[in-house]
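Report on the structure
Letter by letter, the chains look like this.
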Amino acid sequence: MILYYGTDLIGGEFLFRHCSSKKFHVELFSICFSVILLTACGEQPLHRTTFALDTAVTVTISPADNTAADGIFDTIRSADESFSKVCGGSSEPLTAEDAERINTVSEVTDSLNEKYGGGIDLLLGRLTALWGISTDSPRVPSEDEIRAVLEKEYSLPKEGENGGDADFGCAAKGYACDMILPEMKNINGYAVFSAGSSSVMAGEKKGGFTVKVRSPADSGKYLGEFNCGEGFVSTSGGYERFFEADGEKYSHIFDAETGYPVETDLTSVTVYFPIDEEYGGLKSDVLSTMIYCGGTDGLKKFADDGISIIAADDKGYVYSFGIDFDIDGESGYVLWNES
């Protein structure tokens, strides 16, 4: 997902994911330089990027407000610290603030699972570590290894406890967007924050915000774009983080029942919630993954519930619900029509 205002780049999905420190600094310089070139004329908004939540996070504020940007990044780093304690085997115990954040993510995810029967499991940290897709040495584990991990019972730590059995990959970035929303709303003008796969847009911007969705078939192209007001946007798909072994492609989104990457005929799912949706960032993040896992057969129940969705399948169709989506003519995709 790419967010634009006018012709200026705001942020991009997975641009810096899993970069080494040296590579990150090189790529960060390149993207910042591009932004400077794009905004050379007229009033220059503030663009700032740092590394957190396992990716590059970017904030754009117009008119420029360094104090607001500092506050947003401080909150993001604090969120990163909380989530790292349960997703990385940290020996640090959870503070009361950490526990409150972890409980919120768990409770909202559980409520969505109960409502839609989605089966999103936040306790797959041991499984994802076993596959190592996010490392430099991914592998296909044996059936015995997978079974051994799945047969164990895991739980989220409470205040004062520690533990690293969770994987908040489908929730952390979206919830981070919720956490910074109060600061975003206090900005005089407008602001856009992007954590790659999840973003939040707030404030008054003439003409609204334009979101461009990347093509899952070609990272250099776009499915298309849509215009929206203040809100949260999250995208899920298996096309950016994966590895290949013996001619098979294995993505980073797992089926909690089989222990293998989920099988789905969807390749990309984008979910939008307006700014006044409670936990709209977290919900957009979790639901984009849930809808992706459920495939095209499950799209209708989410659409019927009023959720705004853009989804692409493996046959070259794009499904648009609650969003006026303009498909890019060069994407190779066509809009699905029920008739």
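Since we're looking at a predicted model, the values are computed, not measured. (Residues numbered from 1 in each chain as written. Predicted model: local features only at pLDDT ≥ 70, side-chain atom pairs only at ≥ 80, totals over all residues. Heavy atoms only, no water.)

**Examining the overall build of the protein chain**
Broken down by element type, the protein chain carries 8 helices and 16 strands. Relative to its 339 residues, the protein chain shows a buried fraction of 54%. Sequence-distant contacts, at least 24 apart, represent 62% of the contacts inside the protein chain between residues at least 6 apart. (Helix = DSSP H or I, 4+ residues; strand = E, 2+ residues; numbered from the N terminus. Buried < 20%, exposed > 50% of the residue type's maximum accessible area, 1.4 Å probe, protein only. Contact = heavy atoms within 4.5 Å.)

**Some words on the sheet that holds strand S16 (residues 334-335)**
An order of S3-S4-S5-S6-S9-S12-S13-S14-S16 is seen for the 9 strands of this open sheet, with the pairing classed as mixed. Edge strands, defined here as strands with exactly one partner in the open sheet, are strand S3 (46-52) and S16. Sheet topology note: the strand S9 (residues 231-236)/strand S12 (residues 266-274) ladder contains 6 bridges and is antiparallel. Paired with Ser-234 across the two strands is Val-271, which belongs to S12. Packing against the sheet, helix H6 (residues 172-185) makes contact with strand S4 (55-62), strand S5 (190-194), strand S6 (198-203) and S9, and its axis sits at approximately 15 degrees to S6. Its contacts with the sheet put helix H7 (residues 280-294) on S6, S9, S12 and strand S13 (308-313), and the angle it makes with S12 is roughly 155 degrees. (Pairing = 2+ DSSP bridges. Axes fitted to C-alpha atoms, helices over the stretch in contact; angles between N-to-C directions.)

**Overview of H6**
In this model H6 runs 20 Å from its N-terminal to its C-terminal C-alpha over 14 residues, within 8% of the 20 Å that 1.5 Å per residue would give. In terms of burial, H6 is a largely internal element, 11 of the 14 residues being buried. (Expected span 1.5 Å × (residues − 1).)

**Some remarks on the packing of H6 against H7**
Their axes nearest at 6 Å, the elements H6 and H7 cross at an angle of 165 degrees. With respect to their mutual orientation, H6 and H7 come out roughly antiparallel. Of the two possible hands of crossing, H6 and H7 adopt the one that is right-handed. Taken together, the residues of H7 that come into contact with H6 (itself represented by Ala-172, Lys-173, Gly-174, Tyr-175 and Asp-178) are Gly-280, Gly-281, Leu-282 and Asp-285. Among the residues making up the contact of H6 with H7, the classes are represented as 3 nonpolar, 3 polar and 3 charged. (Parallel < 35°, antiparallel > 145°, perpendicular 65-115°, else oblique. Left-handed = near helix turned anticlockwise from the far one by under 90°. Nonpolar A, V, L, I, M, F, W, Y, C, P; charged D, E, K, R; others polar.)

**Section: the layout of surface pockets**
If you add up the space inside the largest pocket, you get close to 1,100 Å³. Together, 44 residues line the largest pocket, and Thr-128, Asp-167, Phe-168, Gly-169 and Cys-170 are the ones closest to its centre. Contributing elements (two or more residues each) for the lining of the largest pocket: helix H2 (66-87), helix H4 (125-131), H6, S9 and H7. The biggest single contributor to the lining of the largest pocket is H2, with 4 residues. Here the residues of the lining of the largest pocket are counted per class, giving 17 nonpolar, 17 polar and 10 charged. Within this model, the second largest pocket holds a volume of roughly 480 Å³. Around the second largest pocket, the lining comprises 20 residues; the ones closest to its centre are Lys-249, Ser-251, Val-262, Thr-264 and Tyr-292. Of all the elements in the fold, those that place two or more residues in the lining of the second largest pocket are strand S11 (248-251) and S12. Considering each element in turn, the lining of the second largest pocket owes the most residues, 4 residues, to S11. Considered class by class, the residues forming the lining of the second largest pocket number 10 nonpolar, 5 polar and 5 charged. (1 Å grid on protein atoms, 1.4 Å probe; cavity = no way out; pocket = protein on both sides within 12 Å on 5 of 7 lines; lining within 4 Å. Points joined across faces, edges and corners; volume = space filled by probe spheres on them.)

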